[in-house]
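A closer look at the structure
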Amino acid sequence: MKRVLGALTAAMLTVSAWQASAQTLVLGLENVEYFPWQLPDGTGADIFLIETAARNLGYAVDFRPVPWRRCLNEAGSNAIDGCFSASFEVSRMDLGVYPMAGNRPDTSKALHADSYSLYVPKESDVRWTGSGFENLSGDIGAIYGYSIVTMLQNQGVGVFKADRLGQLFQLLLRDRLDGIAALTAHADHLIEQTPELNGRVRKVGPPLEEKHYYLLFSHGFAKNNPEVVSALYDEIKRVRKSPEYRENYEHIRRTHVEPHTLNYDPPGGL
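Residues numbered from 1 in each chain as written. Predicted model: local features only at pLDDT ≥ 70, side-chain atom pairs only at ≥ 80, totals over all residues. Heavy atoms only, no water.

Moving on to the packing of aromatic side chains. For any pair of aromatic rings, the description consists of the separation of the ring centres together with the inter-plane angle of the planes. Here the structure, examined in full by the defined rule, presents nine aromatic pairs. Through a chain of ring-to-ring contacts, three or more aromatic side chains come together here, namely W37, Y245 and Y249. The lysine or arginine in question, R69, covers the ring of Y144, its NZ or CZ lying 4.3 Å from the ring centre. (Phe/Tyr/Trp six-rings, centres within 6.5 Å; stacked < 30°, edge-to-face > 60°. Lys NZ or Arg CZ within 6 Å of the ring centre and 35° of its normal.)

Following this line, the structure appears as structure tokens:
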């Protein structure tokens, strides 16, 4: 306990100079539901993690929900202090700063880990072998700006891009797509909670990709506030291991209910 309190005290001292001029961190996030990490009511496991880490260091967070491509672009232009939840791509290092360990991101300071999976109609024979697709003749659907799009294109797959996961599942049910590449936790939950999908869609293993997701700070903010960035990443790592975080995460998974329609358009969250 003494070591934890000592580390927290040291972290708070490192940000005191920054606090004197600015009490609020401005962060962008995607304006769609991203279960269980970001939810339309302003809660979510990533929201809790970032808010708690920030509060422990003595300041607030102004969350700005926007489309994902805009979120990345605003971080890249230093219009906001950072954005989340961003998987690691080398090209994104031009837009912002990840917590690094050598030449790779430090996964211990990630917000969360998740995977992408392939979803197909129940009777489909489309398969993902772990290295390639089989029996694929049409397009795979994916969300605009998500990193899985690059992976699919590198496989030579035609990709249909949309803004909402529900839109993609609608097209899948209408035989307009051969499959959907989606974040596993969110897609699984949507299928479980949506009668139109239950029994009509199945997940094809193994995962397409498994990734960690990060708070990406803008270059301008990181350059002007290196101690703040370091302290926040350290505190994110500590809070993510805490009983309070685990309790919040399990509560979301037990209690959150998706709207029972694919036409739902959340008001707005890699």
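What follows picks up the thread again.
Bringing the pairing of strand β3 (residues 82-87) into the picture now. Burial analysis of β3 places six of its six residues in the buried class, which makes it a mostly covered element. Pairing of strand β1 (residues 24-30) with β3, which is carried by three bridges, proceeds in the parallel orientation. What sits directly across from L27, in β3, is G82. Judged from the four bridges that link them, β3 and strand β13 (residues 201-218) form a sheet pairing that is antiparallel. (Buried < 20%, exposed > 50% of the residue type's maximum accessible area, 1.4 Å probe, protein only. Helix = DSSP H or I, 4+ residues; strand = E, 2+ residues; numbered from the N terminus. Pairing = 2+ DSSP bridges.)

Turning next to the state of the cysteines. What the rule picks out here adds up to zero disulfides. Take C71: it sits in no disulfide, and the sulfur closest to it among the cysteines is that of C83, at 3.8 Å. Judged by relative accessible area, which is 0%, C71 ranks as buried. The class of C83 is buried, set by a relative accessible area of 0%. (Disulfide = S-S within 2.5 Å.)

Once that is clear, we can look at unusual backbone geometry. S85 follows F84 through a cis peptide bond whose omega is 5°. The topology assignment puts S85 in strand β3. Backbone torsion omega between G205 and P206 reads -5°, so that peptide bond is classified as cis. In this fold, P206 is placed in strand β13.

For the coordinates displayed, the defined rule picks out nine salt bridges. Of the charged contacts, one joins D62 and R64 as a salt bridge, the two residues approaching to 2.7 Å between their closest N and O atoms. Between R238 and E235 there is a salt bridge, and its shortest N-O distance comes to 2.8 Å. Linking R238 with E235, this pair stays in helix α8 (residues 226-240), spanning three residues, or about one helical turn. (Salt bridge = Lys/Arg side-chain N within 4 Å of Asp/Glu carboxyl O.)

This next bit is on the side chain of Q38. Note that Q38 resides in the loop between β1 and α2 (45-56). What makes Q38 buried here is its relative accessible area of 1%. Polar contacts involving the side chain of Q38 include one to the side chain of S85, which spans 3.4 Å. (Polar contact = N/O pair within 3.5 Å; in protein donor to acceptor, adjacent residues only side chain to side chain.)

Take helix α3 (residues 68-76) next. Taken residue by residue, α3 has W68, C71, L72, E74 and A75 as its buried positions. Take α3 and look down its axis: the buried residues cluster within an arc of 165°, on one side only. Of the residues trailing α3, N78 is marked for its positive phi of about 65°. (Arc of directions from axis to C-beta.)

Where nonpolar side chains cluster on the molecular surface, the patch consists of V90, M93 and M100 and spans about 250 Å² of accessible area. Following the sequence through the fold, M93 ends up in the loop between β3 and β4 (96-97). (Patch = residues over 30% accessible without salt bridge, like charges linked within 9 Å, V, L, I, M, F, W, Y side chains within 5 Å. Areas by Shrake-Rupley, 256 points an atom, 1.4 Å probe, with all protein chains shown as cover.)

Looking at the element boundaries, E33 is found in the loop between β1 and α2. Here E33 sits buried without a salt bridge, and the closest side chain of opposite charge, R164, lies 9.3 Å off (N-O distance). Within the structure, the side chain of E33 is placed 2.5 Å from the side chain of H256, a separation counted as a polar contact. (Lys, Arg positive; Asp, Glu negative; His and termini not counted.)

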